[in-house]
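Given next are the chains, with one letter for each unit.
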Amino acid sequence: MNRLHPVLAVDSGQTGIKVRCLGGVPYEHTFPGVVTSTTLLPQLADVVLAAARATGSDFPLVTVGTTGLTATENDPGRLLDLCTAAGTVEVRLAHDSITSFLGALGVRAGVVVAAGTGVVTLGVGATSMSRVDGWGNLIGDAGSGYWIGREALDRVLRAHDGRGPRTALTDVVRDVFPDLEQAYIELQTNPDRVRVVASFARAVSDLAAGDPVAADICARAGAELAHSAVAAARNVGLDREPETVVCLMGGVFGSTAVREA
């Protein structure tokens, strides 16, 4: 444990920002997820300040693993300035691929695939490391919860307009969007659309055993995630080793169909 107590640990994702206090008042809470279309650091600072108010404690040390950490946002000094009202004197800020890897494998070589709303894979070899995907929902995150949910919506609308087979996913989507032909407008105007789309991933998993469309989505998600793991291993030379440790973490792997694929 660091000499600075208590510590606020922050795990920041698109669906939720989880915080835990270590070495002080017992406190765990999940805040709404990061909105990646707006500035990241003030969102993280708001969470730290809210935790300080909730516990009545200062947090001399704040540690953060977060999605959406661009080169511009990777500024722990700026985050420290925003958190001074929480009594913070030190901030440790890292991309969530790094914190996921350290939490899963520590200093071992291997590959960690962290798949939730988004997905990022990190491979670490003897002398190098490689990040694979984690490029966001617009151009990447293949196999993630968002990707699965988006595939579900695509297949439902294909069934609706005659381009694809019927699927039990249609009833699930209709529960959220009774008028399927208005779904795209409602999503485009919803600032929480990433979470909404990703929320359909659970139904895809639940229906995979009996619905061929859902099963196909899960199989392709698993293939994408495996492809990322293999690429990360190859990029750092682990494909030349007799064994490679691969750790799967995140809500997507709660799906038996995806995990087995």
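Residues numbered from 1 in each chain as written. Predicted model: local features only at pLDDT ≥ 70, side-chain atom pairs only at ≥ 80, totals over all residues. Heavy atoms only, no water.

A few words now on the overall build of the protein. Helices and strands together make up the secondary structure of the protein, namely eleven helices and nine strands. Whereas a compact globule of 261 residues would reach a radius of gyration of roughly 18 Å, the protein reaches 20 Å, a difference of no more than 12%. Counting only C-alpha atoms, the protein reaches 60 × 50 × 30 Å along its principal axes. Across the 261 residues of the protein, 48% fall into the buried class. The contacts of the protein with a sequence gap of at least 6 include a subset with a gap of at least 24, amounting to 60%. By element, 52% of the accessible surface of the protein is carried by carbon and sulfur atoms, the whole surface being about 13,200 Å². Side chains of the protein carry 21 positive and 28 negative charges; the gap between the two charge centres is 2 Å. (Helix = DSSP H or I, 4+ residues; strand = E, 2+ residues; numbered from the N terminus. Rg over C-alpha atoms; globule rule 2.2 N^0.38 Å. Buried < 20%, exposed > 50% of the residue type's maximum accessible area, 1.4 Å probe, protein only. Contact = heavy atoms within 4.5 Å. Areas by Shrake-Rupley, 256 points an atom, 1.4 Å probe, with all protein chains shown as cover. Lys, Arg positive; Asp, Glu negative; His and termini not counted. Charge placed at Lys NZ, Arg CZ, Asp CG, Glu CD.)

What follows is about the packing of aromatic side chains. Aromatic ring pairs are reported here in terms of the distance separating the ring centres and the angle at which the planes meet. Applying the stated rule across the entire model yields one aromatic pair. Between Phe177 and Phe200 the ring centres are 6.4 Å apart and the planes differ by 40°, which places this aromatic pair in the tilted class. One end of the pair, Phe177, is in the loop between helix H6 (169–176) and helix H7 (183–188); the other, Phe200, is in the loop between helix H8 (193–198) and helix H9 (201–207), with 23 residues separating them in the sequence. According to the relative accessible area criterion, Phe200 is buried, its value standing at 4%. (Phe/Tyr/Trp six-rings, centres within 6.5 Å; stacked < 30°, edge-to-face > 60°.)

Counting residues in each nonpolar core, the largest one holds 41 residues, and the members touching the most others are Ile148, Leu169, Val204, Ile217 and Leu225. Those elements that place two or more of their residues in this core are strand S6 (110–115), helix H5 (145–161), H6, H7, H8, H9 and helix H10 (212–235). Ranked by residues supplied to this core, first place goes to H10 with ten residues. The contacts of Val204, once residues within four sequence positions are left out, are Ile148, Ala152, Leu169, Ala214, Ile217 and Cys218. Of all hydrophobic cores here, the second largest spans 27 residues; its members include Leu8, Ile17, Ala45 and Ala86. (Core = buried A, V, L, I, M, F, W, Y, C linked by side-chain atoms within 4.5 Å.)

Packing of H5 against H10 brings their axes to within 10 Å, and their N-to-C directions diverge by 145°. The chirality of how H5 crosses H10 is right-handed. Residue-level contacts link Trp147, Ile148, Glu151, Ala152 and Arg155 of H5 to Val213, Asp216, Ile217, Arg220, Ala221 and Glu224 of H10. Of the residues in the contact of H5 with H10, the class split is six nonpolar, no polar and five charged. (Axes fitted to C-alpha atoms, helices over the stretch in contact; angles between N-to-C directions. Left-handed = near helix turned anticlockwise from the far one by under 90°. Nonpolar A, V, L, I, M, F, W, Y, C, P; charged D, E, K, R; others polar.)

Right, let's talk about the side chain of Thr121 for a bit. Mapped onto the fold, Thr121 is located in strand S7 (residues 119–124). Not counting residues within four places of it along the chain, the set of residues in contact with Thr121 comprises Val111, Val112, Val113, Ser130, Arg131, Val132, Ser228, Ala229 and Ala232.

Let us look at the sheet that holds strand S2 (residues 16–22). A sheet is described by the order of its strands in space; here five strands give the open sequence S3-S2-S1-S4-S5, paired in mixed fashion. The outermost strands of the open sheet, each flanked by one partner alone, are strand S3 (27–32) and strand S5 (90–95). Across the sheet, the mean angle separating the axes of adjacent strands is 15° when strand polarity is ignored. As judged from the six bridges shared by strand S1 (residues 7–12) and S2, these two strands associate in the antiparallel manner. Considered in S2, the bridge of Val10 is made with Val19. Across the sheet, helix H1 (residues 40–55) is in contact with S1, S2, S3, strand S4 (61–66) and S5; its angle to S3 comes to roughly 140°. On the sheet, helix H3 (residues 96–105) packs against S1, S4 and S5 and is oriented at approximately 95° with respect to S5. (Pairing = 2+ DSSP bridges.)

Packing of H5 against H6 leaves a shortest axis separation of 9 Å and a crossing angle of 105°. The orientation of H5 relative to H6 falls into the category roughly perpendicular. Each of Ala152, Leu153, Val156 and His160 in H5 lies in contact with H6, whose residues at this interface are Leu169, Thr170, Val173 and Arg174. When its residues are assigned to classes, the contact of H5 with H6 shows five nonpolar, two polar and one charged. (Parallel < 35°, antiparallel > 145°, perpendicular 65-115°, else oblique.)

Within a sheet, neighbouring strands are paired by backbone hydrogen bonds and run either parallel or antiparallel to one another. Strand order in the open sheet formed by four strands is S8-S7-S6-S9, and the pairing between neighbours is mixed. The sheet terminates laterally at strand S8 (129–132) and strand S9 (246–249), the two strands that pair on one side only. Averaged over all neighbouring strand pairs, the angle between strand axes comes to 15°, with direction disregarded. Sheet analysis places S6 next to S7, joined by six bridges and oriented antiparallel. Bridge pairing in S7 links Ala115 to Val119. Along the sheet, H3 makes contact with S6, S7, S8 and S9, crossing S6 at roughly 120°.

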